[in-house]
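A look at the structure
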Amino acid sequence: MKRILFITTFYEQKSVSAAIRNSAWVDGLIDLGCEVTVLTVDWPESRKSEFLMNNNRAKVYRTHLAELDILKITISQIKKKSFSRLTPLRHFVRDIIYFPDICKNWAKKIDIPLDLSFDVLISSSDMKSSHYVAQKIKRLYPDIDWIQIWGDPWKDDVNLGWLNKRRAAVKEESLLAQADKVIYVSDITKERMSKSFPVFKDKFYYLPRGFYKTIEKKTCCHSTIRIVYTGVMSLRTRNSLLLLDSIQHLNETEECKIHIDFYGTYDGETTECFSQYECCSIHAAVDYEQVLKVYEESDALLFIANKGNSSQIPGKLFDYMGTNLPILCLVDSLTTDLSLWLKKYPRCLLIENTHEGMKIMTHELYDFVKHKFEIETEFSPNTIAEKLLSLL
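1. What about the overall build of the protein chain?
When its secondary structure is counted, the protein chain shows 16 helices and 13 strands. Partitioning the intrachain contacts of the protein chain with sequence separation of at least 6 by distance along the chain shows that 73% fall at a separation of at least 24. Per element, the accessible surface of the protein chain, about 17900 Å² overall, is 52% carbon and sulfur. Taken together, the 52 basic and 52 acidic charged side chains of the protein chain have centroids lying 5 Å from each other.

Put into structure tokens, the structure is as follows:
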């Protein structure tokens, strides 16, 4: 039996992809007989997922951080335009005060020594503070194997300001150097990082995020085709306006209507743009249990790739793989590394985010959404956990 200390800021947060990923990995490890202890931070109650907390089977230690109390601000305040206009200034101040992130003081709060009767130490981002906590423990107990789990390359994060990009570049290399093994949840990212850091490439591994729970839709679409998108949306990084234009025009001529339901917290600009379309609706972010019900009532799922040739594979794609639904994949180009990866799965209909791509989509969409697919068991919690254990 492996005794694992799993460190992450996101373990039981509501509507956070990384929390679902980490919960799935911990659940899979426990299913395989591991004893898992989780170190995380104590988020405000409004940010916690009742579903993830109720389904947790690990021993969890939560650290209170005073900084997180400011997150009790309401979503309605965040959406105010006056608040949005101050966003660039807020981000600049945030970058100066908080590095690597709002949980920067977590490592200082951890009581050392811990009961370190563990075989392996796993730290999972986001947030990067998870790696800082693990770094502190590793320095005091150097014989413990340290595995780092990363999503995107840190220094290339589009959400970082210029100041933190420079700081991240230095710290990222330092953290990678200290790890015994490094896991990337995107094979594309793993290959790119191997080229960027050839001295570390032998300890880089790919392990996909995986889904947490399976869900199957048993009925077929009728008068309205319901397509669902769950997660973060920003017109700056994921723009779906061409798709909405095309669907709006389709609905003017076709008897069977198409409607896209967006679930998440969106900025004022995105909300205002979407409100002009009758073919879509915006709903508040919901807990994971409700997300599963939303999938069950949908006919297809929408995936929107980041702009450019990004190596990031947004986590919602793996949640989608736990269903039997078709996936509409909106991509900037059909030839990017991500597009080529998506083409391996028949359930993924790639739609190029261009006027020509929308014309092609209109001829394929109606037949495609009638299909049902097998759940992709290669992304199940137990399968992913088995691959992780093989690295320990």
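There's plenty left to go through after this.
2. Focus: the confidence of the model for the protein chain
Looking at the protein chain as a whole, the pLDDT averages 88, with 92% of positions reaching at least 70. For the stretch residues 74-83, pLDDT sits under 50, and the model shows 10 contacts to residues farther than four places along the chain or on other chains.

3. Quick word on the packing of helix H7 (residues 129-140) against helix H8 (residues 162-178)
Where H7 meets H8, the axes come as close as 11 Å, and the angle between the chain directions of the two elements is 45 degrees. One element, H7, and the other, H8, form an angle in the oblique class. By crossing handedness, the relation of H7 to H8 is classed as left-handed. Here His 131, Tyr 132, Gln 135, Lys 138 and Arg 139 of H7 lie close against H8, whose contacting residues are Lys 171, Leu 175 and Gln 178. Of the residues assigned to the contact of H7 with H8, the class counts are 2 nonpolar, 3 polar and 3 charged.

4. Quick word on the pairing of strand S9 (residues 257-263)
Most of S9 sits inside the fold, with 6 of its 7 residues counted as buried. Taken together, the 7 bridges between strand S8 (residues 224-230) and S9 define a ladder with parallel strand orientation. By the bridge assignment, Thr 230 is partnered in S9 with Tyr 263. Looking at chain direction, S9 and strand S10 (residues 280-283) are connected through 4 bridges and run parallel. When the bridges of S10 are listed, Asp 261 appears paired with Ser 281.

5. Side note on the nonpolar core
Within the largest apolar cluster, 129 residues are counted, with the highest numbers of intra-cluster contacts made by Val 36, Phe 262 and Leu 342. Among the elements that take part in this core, helix H1 (residues 17-31) stands out by supplying 8 residues, more than any other. Here Val 36 is in contact with Ile 4, Phe 6, Val 26, Leu 29, Ile 30, Ala 58 and Lys 59, once residues within four sequence places are set aside.

6. Focus: the sheet that holds strand S3 (residues 59-63)
Across the sheet, 7 strands lie side by side as S3-S2-S1-S4-S5-S6-S7; this open sheet has parallel pairing. The open sheet is flanked by S3 and strand S7 (204-206), the only strands paired with a single partner. In this sheet, neighbouring strand axes are inclined to one another by 20 degrees on average, regardless of whether the strands run parallel or antiparallel. Alignment of strand S4 (residues 120-124) against strand S5 (residues 145-150), held across 5 bridges, turns out to be parallel. In the sheet register, Ser 123 faces S5, and the bridge partner there is Gln 148.

7. Here we look at unusual backbone geometry
Here the amide bond leading from Ser 125 into Asp 126 is cis, since omega sits at 5 degrees, within 30 degrees of zero. Position of Asp 126 relative to the elements: it lies in the loop between S4 and H7. The step from Asp 126 to Met 127 runs through a cis peptide bond, and the omega angle for that step is 0 degrees. Looking at the element boundaries, Met 127 is found in the loop between S4 and H7.

8. Some remarks on helix H12 (residues 288-296)
Listed as buried for H12 are Tyr 288, Val 291, Leu 292, Val 294 and Tyr 295. For H12, the arc enclosing every buried residue in end-on projection is 160 degrees, short of the 170-degree limit, so these residues lie on one face.

9. Examining the environment of Ala 107
Mapped onto the fold, Ala 107 is located in helix H6 (residues 106-109). Each C-alpha atom, one on Ala 107 and one on Gly 33, is 29 Å from the other, the two residues being 74 residues apart in sequence. In this structure Ala 107 touches Tyr 132, Val 133 and Lys 136, once residues within four positions along its chain are discounted.

10. Some details on the pairing of S5
Burial analysis of S5 places 5 of its 6 residues in the buried class, which makes it a mostly covered element. Taking the sense of rotation as the criterion, the β-α-β connection linking S4, H7 and S5 turns out right-handed. Taken together, the 4 bridges between S5 and strand S6 (residues 181-184) define a ladder with parallel strand orientation. Within S6, the position partnered with Gln 148 by the bridge is Val 182.

11. Digging into the state of the cysteines
Counted according to the given criterion, the structure contains 0 disulfides. Looking at Cys 280, it has no disulfide partner, and the nearest cysteine sulfur is the one in Cys 279, 5.2 Å off. Taking relative accessible area as the criterion, Cys 280 reaches 8% and is therefore assigned buried.

12. Section: the environment of Asp 187
As for its position among the elements, Asp 187 is in helix H9 (residues 187-196). Classification of Asp 187 as partly exposed rests on a relative accessible area of 31%. For the pair Asp 187 and Trp 341, spaced 154 residues apart in the sequence, the C-alpha separation amounts to 9.2 Å.

13. Regarding H1
Spanning 15 residues, H1 covers 21 Å between terminal C-alpha atoms, matching the ideal 21 Å at 1.5 Å per step. Within H1, 13 of the 15 residues are buried, which leaves the element mostly enclosed by the surrounding structure. Gly 33 occupies a position one or two residues after H1 and carries a positive phi of about 95 degrees.

How each quantity is defined
Numbering of residues begins from 1 in every chain and follows the order in which that chain's sequence is written. Where totals are concerned, whole chains, interfaces and linings use all residues; where local detail is concerned, this predicted model gives features only for residues with pLDDT of at least 70, and gives and counts side-chain atom pairs only at 80 or more. Just so you know, side-chain values use all the structure's heavy atoms and leave hydrogens and water out. Only DSSP runs of H or I with at least four residues qualify as helices, and only runs of E with at least two residues qualify as strands; both kinds are numbered from the N terminus onward. Throughout, a contact is declared for two residues whenever any of their heavy atoms are within 4.5 Å. Accessibility throughout is a Shrake-Rupley quantity obtained with a 1.4 Å probe, and a residue counts as covered only by protein chains that appear here. His is not counted, nor are the chain ends, whereas Lys and Arg count as positive and Asp and Glu as negative. Where a charge lies is defined by one atom per residue type: Lys uses NZ, Arg uses CZ, Asp uses CG and Glu uses CD. For every residue, the predictor states its confidence as a pLDDT score lying anywhere from 0 to 100. Geometry is summarised by axes, namely lines fitted to C-alpha atoms with helices restricted to the contacting stretch, and by angles between N-to-C directions that run from 0 to 180 degrees. Convention used here: angles under 35 degrees read as roughly parallel, angles over 145 as roughly antiparallel, angles from 65 to 115 as roughly perpendicular, and any remaining angle as oblique. If you view the pair so one helix is near and one far, a crossing is left-handed when the near helix is turned anticlockwise from the far one by less than a right angle, and right-handed when it is turned clockwise. Three classes are used: nonpolar for Ala, Val, Leu, Ile, Met, Phe, Trp, Tyr, Cys and Pro, charged for Asp, Glu, Lys and Arg, and polar for all others, with Gly counted as polar. For the exposure calls, accessible area comes from a 1.4 Å probe over protein chains only, and a residue counts as buried if that area is under 20% of its type's maximum, exposed if over 50%, partly exposed in between. Strands were regarded as paired on the criterion that DSSP finds at least two bridges between them. The set of buried Ala, Val, Leu, Ile, Met, Phe, Trp, Tyr and Cys residues whose side-chain atoms join them within 4.5 Å is what this entry labels a nonpolar core. Arc definition: it is the arc formed by the directions from the helix axis to the C-beta atoms. Seen with its strands pointing away from the viewer, a crossover is right-handed when the path leading from the first strand over the helix to the second is clockwise. The disulfide criterion used throughout: a pair of cysteine sulfur atoms within 2.5 Å. In this scheme, a helix's expected span is set at 1.5 Å multiplied by one less than its residue total.

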